[in-house]
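Here's the letter readout for the chains.
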Amino acid sequence: AAAPAPHLAGTREQRAGADHPSDTDSDRDNPDLEQLVQMGFARDLAWEAVVTFPGDLEAAMASAAASAGGAWGISIEKVGLKDTKPLVDPFFMISVLDAQGGTIEAAQNTGIAVQMVARYIIVNQTIYIQTPKAALPPDSAIFFQLKHFKAKEKKMSVKFWAFATPQMLTSGSVNLP
């Protein structure tokens with residue numbers, strides 16, 4: 001991860017003066033800040049992460065998650081497909097749902113996959129779940145949908161989906177069915 005910007009010494013409270021986040025036009029023009037806010041991070045927490053790691057969204061997400069206390073990341077490296085037909089703009093949508101299908105927190109999308117190699121879609125992205133694992137209901141699940149664009153039909157389509165319980169997602173590599 002990138003090192004924090006040296007001009008940001010001191011505590012959050014000490015830095016909260018003149019450079020404190022606001023809902024200004026320049027904030028709305030910062031795609032990293034807006035992406036973190038859309039992922040569910042509080043605006044001030046997202047702002048601090050973005051100015052601490054300018055231009056490094058991955059480090060900013062990790063910083064915001066660590067500061068949020070309890071947020072945890074899921075890294076999606078690659079997915080293997082049975083067919084080798086290329087997909088247009090594939091990405092994952094990750095949802096956290098309870099047993100009745102109710103939303104626990106807003107769905108998040110990865111960016112478009114980095115590349116397609118042979119039968120694999122290389123994603124190499126991390127999303128952060130804001131709800132601490134311990135606070136998730138025992139019957140909740142994290143759903144992973146691989147979506148892509150169908151040019152003929154001019155619509156997004158789900159290629160496949162999988163799910164995992166929070167207990168299944170531990171440190172290290174986990175293969176989903």
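Structure shown above.
Predicted, not measured: the structure shown is a model, and the values here were computed from it.

Chemist: Whenever I open this one, the sheet that holds strand β3 (residues 103–109) confuses me. Can you help?
Modeler: Paired through their backbone hydrogen bonds, the strands of a sheet run either parallel or antiparallel. Strand order in the open sheet formed by four strands is β3-β2-β6-β7, with antiparallel pairing between adjacent strands. Both outer strands of the open sheet, β3 and β7 (155–164), are each paired with one neighbouring strand and no more. Shown here is a sheet whose adjacent strand axes are inclined to one another by a mean of 20 degrees, direction ignored. Here strand β2 (residues 88–97) runs beside β3; their pairing, made up of four bridges, is antiparallel. Bridging across to β3, V96 finds its partner in E105.

Chemist: Where do I start with helix α3 (residues 31–38) in this structure?
Modeler: Side chains three or four residues apart in an α-helix point the same way, a direct result of the helix having 3.6 residues per turn. Within α3 the residues assigned to the buried category are D32, L33, E34 and L36. N-capping of α3 is provided by N30, with a side-chain oxygen placed 3.0 Å from the backbone N of D32.

Chemist: Honestly, the sheet that holds strand β4 (residues 115–117) in this entry has me stumped. Any pointers?
Modeler: Within the open sheet, the three strands sit side by side as β1-β5-β4. Their pairing is antiparallel. Lying at the two open borders of the sheet, with one neighbouring strand each, are β1 (72–80) and β4. Across the sheet, the mean angle from the axis of one strand to that of its neighbour is 30 degrees, orientation sign disregarded. Note that β1 and strand β5 (residues 120–129) share eight bridges and pair antiparallel. Bridge assignment links G73 to a residue of β5, and that residue is Y128.

Conventions we followed
- Counting restarts for each chain, with residues numbered from 1 along the sequence as it is written.
- Where totals are concerned, whole chains, interfaces and linings use all residues; where local detail is concerned, this predicted model gives features only for residues with pLDDT of at least 70, and gives and counts side-chain atom pairs only at 80 or more.
- Side-chain measures here rest on the full set of heavy atoms in the structure, leaving out hydrogens and waters.
- Whether two strands pair comes down to DSSP finding at least two bridges between them.
- Secondary structure is summarised from DSSP: a helix means a run of H or I of at least four residues, a strand means a run of E of at least two, and numbering begins at the N terminus for each.
- Only C-alpha atoms enter the line fits that serve as axes; for helices the fit covers just the stretch in contact. Angles between N-to-C directions range over 0 to 180 degrees.
- Each residue's exposure class comes from its accessible area (1.4 Å probe, protein chains only) as a fraction of the maximum for that residue type: buried when under 20%, exposed when over 50%, partly exposed otherwise.
- Whenever a nitrogen or oxygen atom comes within 3.5 Å of another N or O atom, the pair is scored as a polar contact, on the condition that within protein one atom can donate a hydrogen and the other can accept it, and that pairs from neighbouring residues in sequence are kept only if both atoms are in side chains.

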